[in-house]
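# Fold and geometry: a report
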Amino acid sequence: MDYTVSMFLNTLTPKFYVALTGTSSLISGLILIFEWWYFRKYGTSFIEQVSVSHLRPLLGGVDNNSSNNSNSSNGDSDSNRQSVSECKVWRNPLNLFRGAEYNRYTWVTGREPLTYYDMNLSAQDHQTFFTCDSDHLRPADAIMQKAWRERNPQARISAAHEALEINEIRSRVEVPLIASSTIWEIKLLPKCATAYILLAEEEATTIAEAEKLFKQALKAGDGCYRRSQQLQHHGSQYEAQHRRDTNVLVYIKRRLAMCARRLGRTREAVKMMRDLMKEFPLLSMFNIHENLLEALLELQAYADVQAVLAKYDDISLPKSATICYTAALLKARAVSDKFSPEAASRRGLSTAEMNAVEAIHRAVEFNPHVPKYLLEMKSLILPPEHILKRGDSEAIAYAFFHLAHWKRVEGALNLLHCTWEGTFRMIPYPLEKGHLFYPYPVCTETADRELLPSFHEVSVYPKKELPFFILFTAGLCSFTAMLALLTHQFPELMGVFAKANPESVPMSVKIGSVRGKHHARSPSQLDFCQLLVFIQEQSQVWQLVSCYVQLQSISQPLGSSALKHVTDPS
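Computed from a predicted structure; not experimentally measured. (Residues numbered from 1 in each chain as written. Predicted model: local features only at pLDDT ≥ 70, side-chain atom pairs only at ≥ 80, totals over all residues. Heavy atoms only, no water.)

## So, the overall build of the protein chain
In terms of regular secondary structure, the protein chain is built from 28 helices and 4 strands. Summarising the internal contacts of the protein chain: among those between residues at least 6 apart in sequence, 69% fall at separations of at least 24. In the structure as shown, the protein chain presents an accessible area of about 31,900 Å², 57% of it carried by carbon and sulfur atoms. (Helix = DSSP H or I, 4+ residues; strand = E, 2+ residues; numbered from the N terminus. Contact = heavy atoms within 4.5 Å. Areas by Shrake-Rupley, 256 points an atom, 1.4 Å probe, with all protein chains shown as cover.)

This is the structure we're talking about:
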């Protein structure tokens, strides 16, 4: 058997070893490229995911947490529920208009700013807010109920026009003024408000066109709201219809205020938002106060901004990047114009500066992605229609509208640049607990990748270390590539190394064939001497000395003439 193996190794040529190592390097390189691409796209290793999901059950792997840690899982239920609630996707209160803004971006750049997942969530929101169980009783509302479920934008727009046409045909109804009388009245039925909403959102190509359509929707929606308000106590069906009409009216007024803000009528927008919040104080799902904060910052009405924050920046209310970073901006405004890092390091921070720094640390802990956008270290894109609190999507939505407000306050961005990274020294690592907030949720990266377009590089916190298999395949690829190169450059030497059996080395080979004329040596001495000659040709003298010290222990016996190649600098 040993003789057969020796004969097989003797028949192998250097070309075989070059092909073997080159093929190994190519395969490991392809695996490395695929692992890197999968890690950048999904944030995990493909090999690890397959091994955990498929191989571990086949090998009889059991999750110890499910059997042995029942008490600890019950104790951590509150934190788990909190992480789930923090990973909930929210409607972006500052979302843009699809036809007038998102579609214009697509026409100019050829890129889609909204993902299918984001638009699907918007369709679900529209069905929740703008439909009810009694829509089938009215033909126009029945058409709109189907329109909100359409995936094709042109089909939705056509359905909205159809709803308005049907409503126009059926709007004139003859009603007798007096029973058994020939006097008749022509009564106009209200038009479909939700059809105008869809056309304003998706068909209008400018904000001015969208505002006109929303004003028509307001006339129709206000009439429906007043009628359903009178009938809401007549049964559950009327109550659901009134709830729907309320959502429609609030949505229309909020979008009208946003149109006024876009068109430069900021004071009018602020008045409309304040009136809306007074009329419907319980409807917090639309987060109108965040629209109000942005408009007040545009007016530089910082006292009014502080009054709004005093009401909504409460420990019992859910936080947002808008609330946390606006509070930090107001405190930074008091000291940023005179702040100097050199002076602060010499004399220490004053009380006002300390309050500003603590507010910045609080905001950064809530959403660590925002500073890179405010400091323009990362490029901005159009914000999505839905955001994930504490995620990259929320950071984009905040910075898109509030970057100008930070630039307007002198020195605010400088103070942020000098202090924001100090937040991470206060947060425990790994993130098993937070400092001022709950631990940073681990689900943000996955949700943000679904909400944000593919051409955007999602910001990830904390930075994930490279998986083991990426490092392993990178090392394997480098090692095999080096072997292939060495085998190609030194085929005879690498062939001798590959034939590890001493009997496989011909006795007639002399050291003189490598360098000079020397006496014949045993096969083991021959391999070692050739290795020393190769090292000397590829390295410096001081490196050769260290190699000699390491190899001296494995050379038995070895004459002084063989070691002369290492010790002699010439």
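## Some remarks on the environment of Lys372
With respect to the element layout, Lys372 can be found in helix H20 (residues 370–374). Taking relative accessible area as the criterion, Lys372 reaches 30% and is therefore assigned partly exposed. As a C-alpha pair, Lys372 and Ser459 span 87 residues in sequence and 9.4 Å in three-dimensional space. Apart from residues no more than four positions distant in its own chain, Lys372 is found in contact with Met377, Lys378 and Trp420. (Buried < 20%, exposed > 50% of the residue type's maximum accessible area, 1.4 Å probe, protein only.)

## Notes on the pattern of salt bridges
Under the counting rule described, the total for this entry stands at 21 salt bridges. Asp304 serves as the salt-bridge partner of Arg274, at 4.0 Å between the closest nitrogen and oxygen. With a gap of 30 residues between them, Arg274 in helix H14 (residues 266–279) and Asp304 in helix H16 (residues 302–312) connect regions that are remote in the sequence. Sharing partners across several salt bridges, the network here consists of Arg98, Arg156, Glu202 and Glu385. (Salt bridge = Lys/Arg side-chain N within 4 Å of Asp/Glu carboxyl O.)

## A word on a nonpolar patch on the surface
A grouping of Leu26, Leu30 and Ile33 is seen on the molecular surface, where their side chains present a nonpolar patch of about 330 Å² in accessible area. By secondary structure assignment, the location of Ile33 is in helix H2 (residues 14–42). Using a relative accessible area of 57% as the deciding quantity, one classes Ile33 as exposed. (Patch = residues over 30% accessible without salt bridge, like charges linked within 9 Å, V, L, I, M, F, W, Y side chains within 5 Å.)

## A word on the packing of helix H15 (residues 288–298) against H16
One can describe the packing of H15 onto H16 by two numbers: an axis separation of 9 Å at closest approach and a directional angle of 160°. Taken together, the axes of H15 and H16 lie roughly antiparallel to each other. Between H15 and H16 lies a crossing of left-handed hand. Residues His289, Leu292, Leu293, Leu296 and Leu297 of H15 touch H16, and the partners they reach there are Tyr302, Asp304, Val305, Val308, Leu309 and Tyr312. Counted by class, the contact of H15 with H16 contains 9 nonpolar, 1 polar and 1 charged residues. (Axes fitted to C-alpha atoms, helices over the stretch in contact; angles between N-to-C directions. Parallel < 35°, antiparallel > 145°, perpendicular 65-115°, else oblique. Left-handed = near helix turned anticlockwise from the far one by under 90°. Nonpolar A, V, L, I, M, F, W, Y, C, P; charged D, E, K, R; others polar.)

## Here we look at the environment of Glu450
Tracing the backbone shows Glu450 in helix H23 (residues 444–451). Residue Glu450 is classed as partly exposed on the basis of its relative accessible area, which comes to 41%. Considered as a pair, Glu450 and Tyr116 are 334 residues apart in the sequence and their alpha carbons are 8.4 Å apart. The contacts of Glu450, once residues within four sequence positions are left out, are Thr115 and Tyr117.

## Some words on H16
All buried positions along H16 are accounted for by Tyr302, Val305, Val308, Leu309 and Tyr312. Along the long axis of H16, the arc covered by the buried residues comes to 115°, so they all point the same way. Away from its buried face by more than 90 degrees, H16 exposes Ala303, Ala310 and Lys311. In the core, the buried residues of H16 are packed alongside H14, H15 and helix H17 (321–333). (Arc of directions from axis to C-beta.)

None of this, on its own, says anything about what the molecule does.
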